[in-house]
Amino acid sequence: MRPLHLSCIAMALAWVEPARAADEPLQPPLNPELVQALADRHDRMTVPVRIGEHGPFRFLIDTGSERTVVSRQVAQTIGLPPAGNGVVVGVAGSQAVQLVEVEEISLGKRTYYTLTAPLLEQQHIGAEGIVGLDSLQDQRVLIDFPKDTIVIGDAASLGGSRGFEIVVSARRRSGQLIMTNALVDGISTDIVIDTGSDASVGNIALRNALTRRRKAEQTVLYSVTGQQLSADLIMASTIAISGLQLNNTFLAFADSPAFHRLQLAKRPALLLGMAQLRMFKRVAIDFSTRRILFDLPAGIADSGKRALAGF
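Reference entry: report on the structure contained in this document.

1. Here's the deal with the overall build of the chain
Here comes step 1: Counting secondary structure elements, the chain contains six helices and 23 strands.
Here comes step 2: The proportion of buried residues among the 311 residues of the chain is 55%.
Here comes step 3: Taking as baseline every contact in the chain between residues at least 6 positions apart, the subset at least 24 positions apart corresponds to 69%.
Here comes step 4: In the form shown here, the chain has an accessible surface area of approximately 12,600 Å², with 50% of it arising from carbon and sulfur atoms.

Here it is, written out as structure tokens:
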């Protein structure tokens, strides 16, 4: 069995029930907020987050997670009040969890109120928590890999489409932005940008289409819930998105509950992780305008070529 060194911790798609309705957050200020990204051991983005007067704590920015998540260790340290029980759907399975009430959480100058957050173990998260879609809606998340920074703000204040060679329209489902015009080795595929995973994970429908052409190796996915899931490892020759092409990219394939949660189990779908996103100079996930924007590395952008090597 070949170990999957690209994905030590897979995405955290958090679905919680029952969950109390949160109060409307404050309107974010017009000026964008620059947050210095910190390195984590799986090459994903973490940022400093404050919970009330406590912190800062190191949280992942995870566009694959519906909910903001707090580690059990942080909750115990600062005494977050319990808010019942729920279920988290991760890449490797569903798990019952405890919920806590977060009265105030701050990311840079942005503050959100009354979030109900599931508890997960810090050792499985790889950080002290996760900033999910409930804290990112109606904003743009701009990741600048050379600078190791994340900028959060509205699309206009962050320059609109200027400087981006590829702009892809997406549709929204369960808060996620889904690109529907991608091809994986010629197979029409739905793609979700997943900043909480270091590797890219495909569903069984995409695997079945690809394994007719090449042999799959075996690997294991590790979820933030602490669960494990066997997966096939296959190299895709090309991933094409609106004229952009990623070459020779290893993808993991599994019957993950996350695809069923997003209603992406029946047709080919892919969760595109940080290992592939880091091929770009910048990536912007714009939830307000439902667009994904890609900034190519200087050499490729200057030459007019849009092909990136996957390894």
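Having put the structure on the table, let's press on.
2. Re the pairing of strand 6 (residues 82–90)
Here comes step 1: Both strand 6 and strand 7 (residues 93–107) contribute to a ladder of seven bridges, which runs antiparallel. Directly across from P82, in strand 7, lies its bridge partner V100.
Here comes step 2: The hairpin formed by strand 6 and strand 7 contains two residues between the paired strands.

3. Some thoughts on the side chain of D232
Here comes step 1: With respect to the element layout, D232 can be found in strand 18 (residues 228–241).
Here comes step 2: A distance of 2.4 Å separates polar atoms of two side chains, one belonging to D232 and the other to Q218.
Here comes step 3: Aside from chain neighbours lying at most four places away, what touches D232 is R207, A216, E217, Q218, T219, L251, A252 and F253.

4. Some remarks on the pattern of salt bridges
Here comes step 1: Counted by the stated rule, this structure contains seven salt bridges.
Here comes step 2: A salt bridge links E121 to R72; the shortest N-O distance between them is 2.8 Å. With a gap of 49 residues between them, E121 in the loop between strand 8 (110–120) and helix 2 (122–125) and R72 in helix 1 (residues 72–78) connect regions that are remote in the sequence.
Here comes step 3: Overall, R72 belongs to the partly exposed group, its relative accessible area being 23%.
Here comes step 4: A cluster of three or more residues bridged by salt bridges with shared partners is formed by R171, D190 and R267.

5. Remarks on the side chain of D286
Here comes step 1: Along the chain, D286 falls in strand 21 (residues 282–286).
Here comes step 2: Reaching out from D286, the side chain makes a polar contact with the side chain of S288 at a distance of 2.7 Å.
Here comes step 3: Among the polar contacts made by the side chain of D286, one reaches the side chain of T289 at a distance of 3.1 Å.
Here comes step 4: Once you skip the residues sitting within four places of it in the chain, D286 turns out to touch Q139, R140, A155, L177, R291 and L293.

6. Structural notes on the nonpolar core
Here comes step 1: Counting 61 residues, the largest nonpolar core has I51, V70, V102, M179 and F294 as the members making the most contacts within it.
Here comes step 2: In this structure M179 touches V168, S169, A170, T189, D190, I191, I193, I241, I292 and F294, once residues within four positions along its chain are discounted.
Here comes step 3: Membership of the second largest hydrophobic core comes to 15 residues, among which are V201, L229, A252 and L271.

7. Section: the environment of S94
Here comes step 1: Relative to the elements of secondary structure, S94 occurs in strand 7.
Here comes step 2: When the C-alpha atoms of S94 and A258 are compared, they prove to be 9.0 Å apart, with 164 residues separating the residues in sequence.
Here comes step 3: Those residues in contact with S94 that sit more than four places away from it in its chain are V87, V88, V89 and Q227.

8. Quick word on the environment of Q227
Here comes step 1: Note on placement: Q227 falls in the loop between strand 17 (217–222) and strand 18.
Here comes step 2: Sequence separation of Q227 and H124 is 103 residues, and the distance between their C-alpha atoms is 8.9 Å.
Here comes step 3: When near neighbours in sequence (up to four residues on either side) are disregarded, Q227 contacts A92, G93, S94, Q95, L221 and Y222.
Here comes step 4: A polar side-chain atom of Q227 sits 2.6 Å from a polar atom in the side chain of T225.

9. Focus: helix 3 (residues 204–211)
Here comes step 1: Buried within helix 3 we find A205, L206, A209 and L210. The buried residues of helix 3 occupy an angular sector of 130 degrees when projected down its axis, which confines them to one face.
Here comes step 2: Among the structural elements, strand 14 (176–184), strand 15 (187–193), strand 19 (244–253) and strand 20 (269–272) are those in contact with the buried residues of helix 3.

10. Section: the packing of aromatic side chains
When we look at a pair of aromatic rings, we describe it by the centre distance and by the angle of the planes.
Here comes step 1: Summed over all chains, the structure comprises one aromatic pair.
Here comes step 2: Ring centres of F280 and F294 lie 4.8 Å apart, and the angle between their planes is 40 degrees; this geometry places the pair in the tilted category. Of this pair, F280 sits in the loop between helix 5 (274–277) and strand 21 while F294 sits in strand 22 (residues 291–295), and the two are 14 residues apart along the sequence.
Here comes step 3: Owing to a relative accessible area of 0%, F294 belongs among the buried residues under this scheme.
Here comes step 4: Over the face of the ring belonging to F164 we find R282, whose NZ or CZ atom lies 4.2 Å from the ring centre.

Calculation notes
Residues numbered from 1 in each chain as written. Predicted model: local features only at pLDDT ≥ 70, side-chain atom pairs only at ≥ 80, totals over all residues. Heavy atoms only, no water. Helix = DSSP H or I, 4+ residues; strand = E, 2+ residues; numbered from the N terminus. Buried < 20%, exposed > 50% of the residue type's maximum accessible area, 1.4 Å probe, protein only. Contact = heavy atoms within 4.5 Å. Areas by Shrake-Rupley, 256 points an atom, 1.4 Å probe, with all protein chains shown as cover. Pairing = 2+ DSSP bridges. Polar contact = N/O pair within 3.5 Å; in protein donor to acceptor, adjacent residues only side chain to side chain. Salt bridge = Lys/Arg side-chain N within 4 Å of Asp/Glu carboxyl O. Core = buried A, V, L, I, M, F, W, Y, C linked by side-chain atoms within 4.5 Å. Arc of directions from axis to C-beta. Phe/Tyr/Trp six-rings, centres within 6.5 Å; stacked < 30°, edge-to-face > 60°. Lys NZ or Arg CZ within 6 Å of the ring centre and 35° of its normal.

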